[in-house]
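# Structural description and commentary
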Amino acid sequence: MAKDMTLMWVDGSIPCWRVMIMLEEKQLQGYNHRQISFEEFANKPQEMFDVNPRGQLPSLKHGNIIVNESYGTCFYLEVRETLQQAVLHSAS
């Protein structure tokens, strides 16, 4: 289910950990991740700007949707799950 999700994160960042905890709480194991090292983070590689024009982490890409900022990402994951449950409930 989470195989189409990619999280870009940097170790030691509490906002990044917040998103990783949320992914685990929602049982979305199996997502792809790209850890940016401190050296890379200091130099801001182009791939960071490709997903976030501000060059900040964490960034979550889910299909064609890109969500930046940890609180926004946690909200997206919560709403996404709620919507999926509503669709499944209405289909039964």
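Residues numbered from 1 in each chain as written. Predicted model: local features only at pLDDT ≥ 70, side-chain atom pairs only at ≥ 80, totals over all residues. Heavy atoms only, no water.

### Points about the overall build of the protein
Assigned secondary structure in the protein consists of 4 helices and 4 strands. Ordered by position in the sequence, the α and β elements of the protein form the string β-α-β-α-α-β-β-α. C-alpha atoms of the protein, sized along the principal axes, occupy 50 × 25 × 20 Å. Here the protein holds 92 residues, and the buried ones make up 35% of them. Intrachain contacts of the protein at a sequence separation of at least 6 include 59% that bridge at least 24 residues. Per element, the accessible surface of the protein, about 5,900 Å² overall, is 58% carbon and sulfur. If you average the places of the 8 positive and of the 11 negative side-chain charges in the protein, the two averages end up 4 Å apart. (Helix = DSSP H or I, 4+ residues; strand = E, 2+ residues; numbered from the N terminus. Buried < 20%, exposed > 50% of the residue type's maximum accessible area, 1.4 Å probe, protein only. Contact = heavy atoms within 4.5 Å. Areas by Shrake-Rupley, 256 points an atom, 1.4 Å probe, with all protein chains shown as cover. Lys, Arg positive; Asp, Glu negative; His and termini not counted. Charge placed at Lys NZ, Arg CZ, Asp CG, Glu CD.)

### Considering the nonpolar core
If you look at the biggest cluster of nonpolar residues, it comprises 21 residues, and the most contacted ones within it are Met5, Leu7, Leu23, Leu57 and Leu77. Broken down by secondary-structure element, the contributors of at least two residues to this core are strand S1 (5-10), helix H1 (14-25), helix H3 (46-51) and helix H4 (70-91). Broken down by element, the residue count for this core peaks at 5 residues, all from S1. (Core = buried A, V, L, I, M, F, W, Y, C linked by side-chain atoms within 4.5 Å.)

### Notes on the state of the cysteines
This structure, assessed with the given rule, holds 0 disulfides. We note that Cys16 lacks a disulfide partner, and the nearest cysteine sulfur, in Cys74, lies 11 Å from it. Its relative accessible area of 0% is what places Cys16 among the buried residues. For Cys74, a relative accessible area of 12% corresponds to the buried category. (Disulfide = S-S within 2.5 Å.)

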